[in-house]
Amino acid sequence: MAQKAIGDMAIFYGDKENRGMYDNGVWMHLLDIPWLSRLEEAGNYKTVIRTLWLESIGWSKEIKEKFPETKLIGLIDHPLSTHISRLSAIQQHAFISDLEYLDGIMTLTEEERQWYSIAIPSKPVERVGLPFPVEVYEEKYGSLRGVEKEFIGLGVGAADNDRNFVSNLMAFRYLQLNNPKLVGVFLSVPQQLMPYCTYWAGRLDNVFIHEREDMPQFYDVLSRCEFVINLADRNTPGRIEGEAAFFEIPVIGSNRLELQNELFPTLAVSPYELEAVVANAEFLISNPDKAKEIGAKARKLLNRYDYKHSKQRFNKLLERINSD
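Here we summarise the structure given alongside this text. Owing to the predicted nature of the structure, the values given are computational and were not obtained by experimental measurement.

Quick word on the pattern of salt bridges
Opposite charge on two side chains permits them to pair, given that their charged atoms come into close proximity.
Consideration 1: In total, this model carries 17 salt bridges according to the counting rule given.
Consideration 2: A salt bridge links Glu62 to Lys66; its shortest N-O distance comes to 3.4 Å. Taken together, the positions of Glu62 and Lys66, both in helix α2 (residues 59-66) and 4 residues apart, correspond to about one turn of that helix.
Consideration 3: By relative accessible area, which is 31% here, Glu62 ends up partly exposed.

Now the structure itself:
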């Protein structure tokens, strides 16, 4: 006998609770839904969003077979370029096969939407984007927007991506030839990346490290950046682009990051196109008024990713699922 649902919707991470500190944790707050700690709780809800971590391949099938009445929505978490495309054939087949047990798929980028729409043509797929709590941020961190600028951001230290810090550093080192007083900072570096960043910081002048602690401290450092160089070599939304846009800070960044192309299109470059990176950086340094214009425009564009618009995109997917 099927278990009777006692709630409308919940979200299941399959590992640990995510309190909004990372990319996908915001959906728990955006939709005001509970977090499930055990797979068996899925049957208590009419709809469950499941983060599609590679460590939990097969859980979509398990949930759907146990609770066939529960609508199951997959939230894409791993980039195609650095995770899915690099799996073994066996893992790729298992991952894609498990998607067939979902009722719909949420992707963070348009590129992902296209890929999953072709890979799983029987399921509705919507690009929901990477939500930003713009109103909450404004209340908490808006006062940091006008602080004095001290640093050049040298990328952000996610634990599992292709950060391409070396390209950020080579561009920064070249800029120092004509701007010896420039100070660079690695942003939000996790413990496992400290040896790498420490090694480079010890071999370049005026390069410092911001070790990851909490979001308020991170935003305090980010808000003091004149601009950020972020040449991550992977196809993802580009969260740091959105965070910098909130503070009206320009980002010279990889054109493989969706938010770079949308928020800072004139500063989008190939991750290894360092002459273009340097040219853009020298332009920002020499034209502070233009830099402010670019930052202010990006801040306005960021409203497209606030909770209101993100919820509208999610509701569109929910309507498609429920109409089937």
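Here's the deal with the packing of helix α6 (residues 165-178) against helix α11 (residues 274-286)
Consideration 1: Close contact between α6 and α11 brings their axes to 10 Å; oriented N to C, the two are set at 50 degrees. Classified by the interaxial angle, the pair formed by α6 and α11 is oblique. As for how α6 packs across α11, the hand of that crossing is right-handed. Only Leu274, Val277, Val278, Ala281 and Glu282 of α11 make contact with α6, whose side of the interface consists of Ser167, Met170, Ala171, Tyr174, Leu175 and Asn178.
Consideration 2: Looking at side-chain class alone, the contact of α6 with α11 contains 8 nonpolar, 2 polar and 1 charged residues.

Some points on the side chain of Thr47
Consideration 1: Looking at the element boundaries, Thr47 is found in strand β3 (residues 45-51).
Consideration 2: Residues within four places of Thr47 in sequence aside, it is in contact with Asp8, Met9, Ala10, Thr70, Lys71, Ile73 and Leu318.

Re the packing of aromatic side chains
Consideration 1: The tally for this structure, following the rule as stated, stands at 12 aromatic pairs.
Consideration 2: Relative to Tyr219, the ring of Tyr141 lies with its centre 4.8 Å away and its plane at 65 degrees, an arrangement referred to as edge-to-face. Of this pair, Tyr141 sits in helix α5 (residues 134-141) while Tyr219 sits in helix α8 (residues 215-222), and the two are 78 residues apart along the sequence.
Consideration 3: Under the relative-accessibility criterion, Tyr219 is labelled buried at 1%.
Consideration 4: Each ring, one from Phe246 and one from Phe247, has its centre 5.0 Å from the other, and the planes form 85 degrees; the classification is edge-to-face. When sorted by exposure, Phe246 lands in the same class as Phe247, which is buried.
Consideration 5: Put simply, the rings of Tyr137, Tyr141, Phe218, Tyr219, Phe246 and Phe247 touch in pairs and so form one group of aromatic residues.

Here is what the cut-offs are and how they apply
- Residues numbered from 1 in each chain as written.
- Predicted model: local features only at pLDDT ≥ 70, side-chain atom pairs only at ≥ 80, totals over all residues.
- Heavy atoms only, no water.
- Salt bridge = Lys/Arg side-chain N within 4 Å of Asp/Glu carboxyl O.
- Helix = DSSP H or I, 4+ residues; strand = E, 2+ residues; numbered from the N terminus.
- Buried < 20%, exposed > 50% of the residue type's maximum accessible area, 1.4 Å probe, protein only.
- Axes fitted to C-alpha atoms, helices over the stretch in contact; angles between N-to-C directions.
- Parallel < 35°, antiparallel > 145°, perpendicular 65-115°, else oblique.
- Left-handed = near helix turned anticlockwise from the far one by under 90°.
- Contact = heavy atoms within 4.5 Å.
- Nonpolar A, V, L, I, M, F, W, Y, C, P; charged D, E, K, R; others polar.
- Phe/Tyr/Trp six-rings, centres within 6.5 Å; stacked < 30°, edge-to-face > 60°.

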